[in-house]
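Now for the letters of each chain:
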Amino acid sequence: MRFGIIANMDRPDAQNVVGRIIEWAGKNGITLHFCDQLAARVGRGQSFLPREKLPENTDLIISLGGDGTMLSTARAVGR
């Protein structure tokens, strides 16, 4: 399985949640592809793709944030 991650890293506890997802994915054989806008915030060793490329390269997209993040994700991937 391949998961895409779009996140508002300015939200409280976002860094912690993303870290937990990375750990869980590693233990469960899940490949993660992060939105390239997160590259400076997530760290090395992860895969980053432009937001519009996530749907064709993943099986599921996780959107972390509030209503604005959810709507932004829907617009970016909702073909």
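Residues numbered from 1 in each chain as written. Predicted model: local features only at pLDDT ≥ 70, side-chain atom pairs only at ≥ 80, totals over all residues. Heavy atoms only, no water.

Taking 1.5 Å of rise per residue, the 14 residues of helix 1 (residues 14–27) would be expected to cover 20 Å, and the 20 Å separating its terminal C-alpha atoms lies within 8% of that figure. All buried positions along helix 1 are accounted for by A14, V18, I21 and A25. What you see down the axis of helix 1 is that its buried residues fit within an arc of 55°, all on one side. Exposed and facing more than 90 degrees away from the buried side of helix 1 are R20, G26 and K27. (Helix = DSSP H or I, 4+ residues; strand = E, 2+ residues; numbered from the N terminus. Expected span 1.5 Å × (residues − 1). Buried < 20%, exposed > 50% of the residue type's maximum accessible area, 1.4 Å probe, protein only. Arc of directions from axis to C-beta.)

Enumeration over the complete set of coordinates arrives at two aromatic pairs. Ring plane angle 25° and centroid distance 6.1 Å describe the contact between F3 and W24, whose orientation is recorded as stacked. One end of the pair, F3, is in strand 1 (residues 2–7); the other, W24, is in helix 1, with 21 residues separating them in the sequence. On the basis of relative accessible area, F3 is assigned to the buried category, the value being 10%. (Phe/Tyr/Trp six-rings, centres within 6.5 Å; stacked < 30°, edge-to-face > 60°.)

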